[in-house]
Structure formats: C-alpha cells, structure tokens
Amino acid sequence: MKKWLVSLAMVAALLCPATSQETWKANPKRADAVRVLIATGGHDYDPEFYSAFDDQAINARVDPHPRAYSYDMRKRADVLVIYDTAQTLEPARQKNLREFVESGKGVVVLHHGICTNVNWPWWYEQVVGGRWLFEPVNGKTGSYKHDVDLTIKPAMPHPILKGIGSFRIHDETYKDLWISPKVKVLLTTDNPTSDGPVAWIGPYEKARVVYIQLGHDRNANLNPNWQKLVRNAILWTAGKLN
Ligand SMILES: [Zn+2]
C-alpha cells in the first residue's frame with residue numbers, strides 16, 4: 001500500500017513540477033518572541049523534534065556542535081535549549097555556558113541533554129540537579145528503555161503545567177540517574193522502568209532551569225502535551241509565563 005502511494009506521488013511530481021517561486025515560509029514570529037538557541041550534536045534525533053518550536057512566541061535557532069557554546073551567547077538568546085550530548089565541554093565552552101547561566105538567562109535541558117557536562121559538578125549539582133551515570137556511582141549506572149507507554153502525572157501546581165493534566169506518552173525511559181534532593185519535581189510516572197521524576201526545576205537560584213526527560217523520538221515529539229510542556233518551559237525560563 002505504501003509503495004503504491006509513493007509511486008502515485010512520484011507521478012504527480014513529474015506531471016506537476018514545483019515552480020521555483022514555491023518556497024517554504026516559517027510562521028511569522030511576534031516582535032517580542034523569546035530568542036532560543038538549541039544546542040544539538042553527539043546524539044541523533046527525529047526532525048519532528050523541531051515541532052515544539054513552531055510557535056509565534058518562540059524564535060529558535062539551532063546551534064549544532066562544533067558551533068554550540070563556542071561564543072558569548074548572552075546577546076543572541078534569552079533561553080538555551082540543551083539537546084546535545086557532550087560529556088565534557090572544553091574550558092572556553094564551559095566559560096560561555098557559565099556566563100550565560102550566571103547572567104540569569106533561561107535553560108531548558110531536554111531528554112539526552114542530561115548526558116551533557118556529566119564531569120562538571122557545578123553544572124549537574126547546582127544548575128540542572130541531575131546527572132546521567134555513565135560509570136557506576138554507589139552501585140548505580142544509568143539505563144534506558146525504548147518504546148514504553150507511560151502515564152505521566154503532575155506533581156505540583158506550576159505555570160509550566162498550565163493546560164497540562166495527566167497524559168499518556170510513548171517514549172523512552174531512563175532509570176538510575178543521580179537526581180539532586182534539591183530539585184522541584186514537576187511530573188512523575190509510576191512506570192517501573194523509570195526513576196519516577198520525569199521533569200523538574202533545577203536548584204539554580206540566579207536563573208530559571210528546567211529539565212524535561214521526555215522527548216526521545218517523533219512519538220514523543222508529536223505528542224501535544226510534550227510540545228506544550230517544552231513551549232511552557234521556554235516561556236517560563238524566559239520570565240514570560242508566571
Ligand atoms: Zn533517547
């Protein structure tokens with residue numbers, strides 16, 4: 001059936017070639033849209049990931065490695081979305097990231113972004129409040145499971161959870177992470193393949209920091225609750241959702 005559909009589409013394309021005037025146009029952004037930088041690299045992902053940023057209130061730009069964190073990001077962005085996997089950043093990149101966070105800008109760490117800076121205690125203890133364990137710590141090593149059907153429940157009232165109740169999602173789970181006792185848990189699951197907390201507010205006080213563990217592939221990326229969660233987290237960390 002799929003093959004038949006594809007060949008029909010190919011015939012249609014041959015009969016009706018697109019004119020050079022037909023170009024893709026992004027949704028117009030509001031003048032006060034939050035400027036977002038998305039750090040990517042070191043881990044693959046589906047293009048549907050970008051659906052979360054298709055919003056008039058969010059003006060996002062992608063910074064793949066090696067450009068990610070390579071310059072002073074403070075003038076370019078209000079919020080940094082961390083969706084890369086860079087276990088250790090070199091000192092110049094650490095400095096840029098630290099200056100961004102210390103200036104009070106927002107940070108949203110998504111899914112495998114928890115694997116970034118796992119050797120930088122300031123980052124995982126004071127900023128994000130969580131760390132992927134590549135090596136055993138107190139007998140625990142991080143593990144993951146793909147294609148799990150999860151029930152997610154809000155753990156407390158919070159502006160980020162505006163319009164989000166309990167929901168179901170098909171996603172990857174993580175287990176045996178280090179999670180700081182200082183985080184404020186936003187969402188939990190009782191699925192046994194997870195630690196429980198799947199979204200939280202980081203302990204950092206000079207800036208708003210959020211970690212959202214959900215978001216492995218298109219199954220999660222196209223879930224309206226996940227999209228809303230990411231958008232709300234961006235707006236909240238930018239100080240535009242209270
Ligand atoms: Zn994943």
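Before reading on, note that the structure itself is shown above.
Q: Describe the packing of aromatic side chains, with residues and values.
A: The final tally for this structure, using the stated rule, is 15 aromatic pairs. Between the aromatic rings of phenylalanine 49 and tyrosine 50, the centroid separation amounts to 5.3 Å while the plane-to-plane angle is 65°, which identifies the pairing as edge-to-face. Under the relative-accessibility criterion, phenylalanine 49 is labelled buried at 0%. When the centroid spacing of 6.3 Å and the interplanar angle of 50° are considered together, the rings of phenylalanine 49 and tryptophan 226 count as tilted. One end of the pair, phenylalanine 49, is in the loop between β1 (34-40) and β2 (58-64); the other, tryptophan 226, is in helix α5 (residues 224-237), with 177 residues separating them in the sequence. The burial state of phenylalanine 49 is the same as that of tryptophan 226; both residues are buried. Counting every residue linked through ring pairs, the aromatic cluster contains Tyr45, Phe49, Tyr50, Phe53, Tyr83 and Trp226. Sitting over the ring of tyrosine 71, arginine 76 keeps its end group 5.0 Å from the ring centre. Its end group placed over the ring of tryptophan 122, arginine 98 keeps NZ or CZ at 4.2 Å from the ring centre.

Q: Explain the coordination of the zinc ion to me, and be specific about the residues and the numbers.
A: All of the protein donors around the zinc ion are His111 (NE2), Glu172 (OE) and His216 (ND1); their distances to the metal are 1.9 to 2.1 Å. Along the chain, the residues that donate to the zinc ion are spaced as H-x60-E-x43-H. Of this pair, glutamate 172 sits in strand β7 (residues 167-175) while histidine 216 is found in the loop between β11 (209-212) and α4 (218-221), placing the two residues 44 residues apart along the sequence. Neither glutamate 172 nor histidine 216 differs from the other in exposure class; each is buried.

Q: Explain the layout of surface pockets to me, using residue names and the numbers behind them.
A: In this model, the largest pocket occupies a volume close to 280 Å³. Along the walls of the largest pocket sit twelve residues, with Trp24, Lys29, Tyr50, Phe53 and Asp54 positioned nearest its centre. Top element by residues in the lining of the largest pocket is β2. It accounts for three residues. A per-class count over the lining of the largest pocket returns seven nonpolar, three polar and two charged.

Q: An account of the sheet that holds strand β6 (residues 143-154) is needed here, citing residue identities and associated values.
A: Pairing in this open sheet of nine strands is mixed, and the strands run β2-β1-β3-β4-β11-β10-β9-β6-β7 from one edge to the other. Looking along the sheet, the strands with just one partner apiece sit at the ends: β2 and β7. Across the sheet, the axes of successive neighbouring strands diverge by a mean angle of 30°, strand direction being ignored. Here strand β4 (residues 106-110) runs beside β11; their pairing, made up of four bridges, is parallel. Looking at the pairing, valine 109 lines up with tyrosine 211 of β11.

Q: Mind laying out the side chain of aspartate 84, listing which residues take part and the relevant values?
A: You can see aspartate 84 is positioned in the loop between β3 (79-82) and α2 (91-102). The buried charged residue aspartate 84 lacks any salt bridge, with arginine 93 as its nearest oppositely charged partner at 7.9 Å. Of note is the side chain of aspartate 84, whose polar atom sits 3.0 Å from the side chain of tyrosine 69. Excluding its chain neighbours within four sequence positions, the residues that come into contact with aspartate 84 are Ala39, Thr40, Gly41, His65, Tyr69, His112, Gly113 and Thr116.

Q: Before we move on, can you summarise the pattern of salt bridges with the specific residues and values?
A: Oppositely charged side chains are able to pair whenever their charged atoms sit close together. All chains considered together, the criterion is met by twelve salt bridges. Of the charged contacts in the structure, one is a salt bridge between aspartate 63 and arginine 61, with a shortest N-O distance of 3.4 Å. Linking glutamate 102 and arginine 98 is a salt bridge whose minimum nitrogen-to-oxygen distance equals 3.1 Å. Of this pair, glutamate 102 and arginine 98 both sit in helix α2, four residues apart, which is roughly one turn of that helix.

Q: Give me empty space enclosed by the protein: which residues, what numbers.
A: Inspection of every chain in the model, using the stated rule, returns one cavity of 30 Å³ or more. As for the largest cavity, its lining consists of Leu150, Glu172, Thr173, Tyr174, Ser194, Val198, Gln213 and Leu214. Among the elements that line the lining of the largest cavity, the one with the most residues is β7, at three residues. Partitioned by chemical class, the residues of the lining of the largest cavity number four nonpolar, three polar and one charged.

What counts as what
Residues numbered from 1 in each chain as written. Predicted model: local features only at pLDDT ≥ 70, side-chain atom pairs only at ≥ 80, totals over all residues. Heavy atoms only, no water. Phe/Tyr/Trp six-rings, centres within 6.5 Å; stacked < 30°, edge-to-face > 60°. Buried < 20%, exposed > 50% of the residue type's maximum accessible area, 1.4 Å probe, protein only. Helix = DSSP H or I, 4+ residues; strand = E, 2+ residues; numbered from the N terminus. Lys NZ or Arg CZ within 6 Å of the ring centre and 35° of its normal. Donors = N, O, S within 2.8 Å, 3.2 Å for Na, K, Ca; no water. 1 Å grid on protein atoms, 1.4 Å probe; cavity = no way out; pocket = protein on both sides within 12 Å on 5 of 7 lines; lining within 4 Å. Points joined across faces, edges and corners; volume = space filled by probe spheres on them. Nonpolar A, V, L, I, M, F, W, Y, C, P; charged D, E, K, R; others polar. Pairing = 2+ DSSP bridges. Axes fitted to C-alpha atoms, helices over the stretch in contact; angles between N-to-C directions. Lys, Arg positive; Asp, Glu negative; His and termini not counted. Salt bridge = Lys/Arg side-chain N within 4 Å of Asp/Glu carboxyl O. Polar contact = N/O pair within 3.5 Å; in protein donor to acceptor, adjacent residues only side chain to side chain. Contact = heavy atoms within 4.5 Å.

Note that every value here comes from positions in space, so none of it alone points to a role or purpose.
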